[in-house]
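Listed below, chain by chain, are the residues.
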Amino acid sequence: MVAAARLSSSRRETASVFDCQSCGACCSYSAEWPRFSTEDDAQLDRIPEQYVAADLSGMRCEGVRCSALSGEIGKSTACGIYELRPDVCRACMPGDAECLMARRAIGLPV
Ligand code: SF4
Ligand code: SF4
């Protein structure tokens, strides 16, 4: 889930169609999705323990849904650790291939 302000100019037109705060699809696509990758230890240490998977590989998920996601998918959602979210979450941009894949999977328009 990303903020519109972070979008690159090339994606701005597409992204204006999608509002992450009324979506949440990429945060509820797969338990394999919000994994830790390029974060350093200091970054990871700031993520509240209750949201971290038992094996420390990524975010704790309930089924396919990240435990830090609140709200109703496709209507109104928010990331509970937005400022601390993992790098993979920062990399996903509205309108990119991963975004479209996730939105399709839950039946949202692409
Ligand atoms: S799937 Fe796309 S529009 Fe939906 S929250 Fe993720 S980046 Fe935003
Ligand atoms: S940490 Fe936040 S942005 Fe990343 S998958 Fe979970 S709810 Fe989504």
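Scoring rules and cut-offs
- Residues numbered from 1 in each chain as written.
- Chains lettered and ligands numbered in written order.
- Predicted model: local features only at pLDDT ≥ 70, side-chain atom pairs only at ≥ 80, totals over all residues.
- Helix = DSSP H or I, 4+ residues; strand = E, 2+ residues; numbered from the N terminus.
- Buried ≥ 20, exposed ≤ 12 C-beta atoms within 10 Å, placed from the backbone.
- Contact = placed C-beta atoms within 7 Å.
- Pairing = 2+ DSSP bridges.
- pLDDT = per-residue confidence, 0-100.

Along the protein, the regular secondary structure elements total 4 helices and 4 strands. From first element to last, N terminus to C terminus, the protein shows the α and β order α-α-β-β-β-β-α-α. Here the protein, with 110 residues, has 29% of them falling under the buried criterion. A sequence separation of at least 24 residues applies to 67% of the contacts in the protein between residues at least 6 apart.

Attention now moves to the pairing of strand 3 (residues 69-72). Where strand 3 lies against strand 4 (residues 76-79), 4 bridges are found, and the strand directions are antiparallel. By the bridge assignment for strand 4, Gly71 is matched with Thr77. Taking the residues between adjacent antiparallel strands as the criterion, strand 3 and strand 4 are bridged by 3 residues, where Gly74 takes a positive phi near 85°.

Predicted confidence across the protein gives a mean pLDDT of 89, with 85% of residues reaching 70 or more. Below pLDDT 50 for its whole length, residues 3-15 participates in 13 contacts with residues either more than four positions away or in separate chains.

Now for the environment of Tyr29. Looking at where Tyr29 falls in the secondary structure, it is placed in the loop between helix 1 (9-15) and helix 2 (41-45). For Tyr29, a count of 24 C-beta atoms within 10 Å corresponds to the buried category. Taking the C-alpha atoms as reference, Tyr29 lies 8.8 Å from Met101; in sequence the two are 72 residues apart. Aside from chain neighbours lying at most four places away, what touches Tyr29 is Val64, Ala102 and Ala105.

This part takes up the environment of Tyr51. Note on placement: Tyr51 falls in the loop between helix 2 and strand 1 (61-62). The class for Tyr51 is buried, based on 20 C-beta atoms found within 10 Å. Each C-alpha atom, one on Tyr51 and one on Cys61, is 8.0 Å from the other, the two residues being 10 residues apart in sequence. The contacts of Tyr51, once residues within four sequence positions are left out, are Met59, Arg60, Ser67, Ala68 and Ile81.

Right, let's get into the environment of Ala25. Relative to the helices and strands, Ala25 resides in the loop between helix 1 and helix 2. Spatially, the C-alpha atom of Ala25 lies 9.9 Å from that of Glu98, the residues being 73 residues apart in sequence. If sequence neighbours within four positions are ignored, Ala25 has contacts with Ile73, Ala102, Arg103, Ala105, Ile106 and Leu108.

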